[in-house]
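Analysis of the macromolecular model
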Amino acid sequence: MDCFTCQGNGELECPKCNGTGHHQREGCCQNCEGQGCLSCSRCNGNGRID
């Protein structure tokens, strides 16, 4: 079954940079390391839950 938190994508938009990967004052987002997304904690990034 697809993860309902990430809709089966395995990733979520980074809440600290709103998915941009950077901050105006801080540069590269340290929370997502500039990726703009984080691995879904509910499904551990695999997009599926049993």
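Residues numbered from 1 in each chain as written. Predicted model: local features only at pLDDT ≥ 70, side-chain atom pairs only at ≥ 80, totals over all residues. Heavy atoms only, no water.

**What to know about the overall build of the protein**
Our working definition: Only DSSP runs of H or I reaching four residues or more are called helices, and only runs of E reaching two or more are called strands; each is numbered from the N terminus. The buried label applies to any residue whose accessible area, calculated with a 1.4 Å probe on protein chains only, is under 20% of its type's maximum; exposed applies above 50%, and partly exposed to all values in between.
Looking only at helices and strands, the protein features 0 helices and 4 strands. Beginning at the N terminus, the succession of helices and strands in the protein can be written as β-β-β-β. By principal-axis analysis of the C-alpha atoms, the protein measures approximately 40 × 15 × 10 Å. Per-residue burial for the protein yields a buried fraction of 28% across its 50 residues.

**Section: the nonpolar core**
Selection criterion: Within this scheme, the nonpolar core is defined by two criteria: the residues are buried Ala, Val, Leu, Ile, Met, Phe, Trp, Tyr or Cys, and they are joined through side-chain atoms within 4.5 Å. The contact definition used throughout considers only heavy atoms, calling two residues in contact when any of these lie within 4.5 Å.
Listed in full, the 5 residues of the largest apolar core are Cys3, Cys6, Cys40, Cys43 and Ile49. Excluding its chain neighbours within four sequence positions, the residues that come into contact with isoleucine 49 are Met1, Asp2, Cys3, Phe4, Arg42 and Cys43.

**Thoughts on unusual backbone geometry**
Trans is the common state for peptide bonds, and a negative phi is the common state for residues other than glycine. Positive phi, normally seen in glycine, also occurs at glutamate 33, with a value near 55°. In this fold, glutamate 33 is placed in the loop between strand E3 (27-28) and strand E4 (37-39).

**A word on the pattern of salt bridges**
What counts here: Salt bridge, as used here, is a side-chain nitrogen of Lys or Arg placed within 4 Å of a carboxyl oxygen of Asp or Glu.
All told, the structure shown has 1 salt bridge when counted by the stated rule. A salt bridge links arginine 48 to aspartate 2; its shortest N-O distance comes to 3.1 Å. Of this pair, arginine 48 sits in the segment after E4 while aspartate 2 sits in the segment before strand E1 (11-13), placing them 46 residues apart in sequence.

Don't take any of this as a statement about function, it's just geometry.
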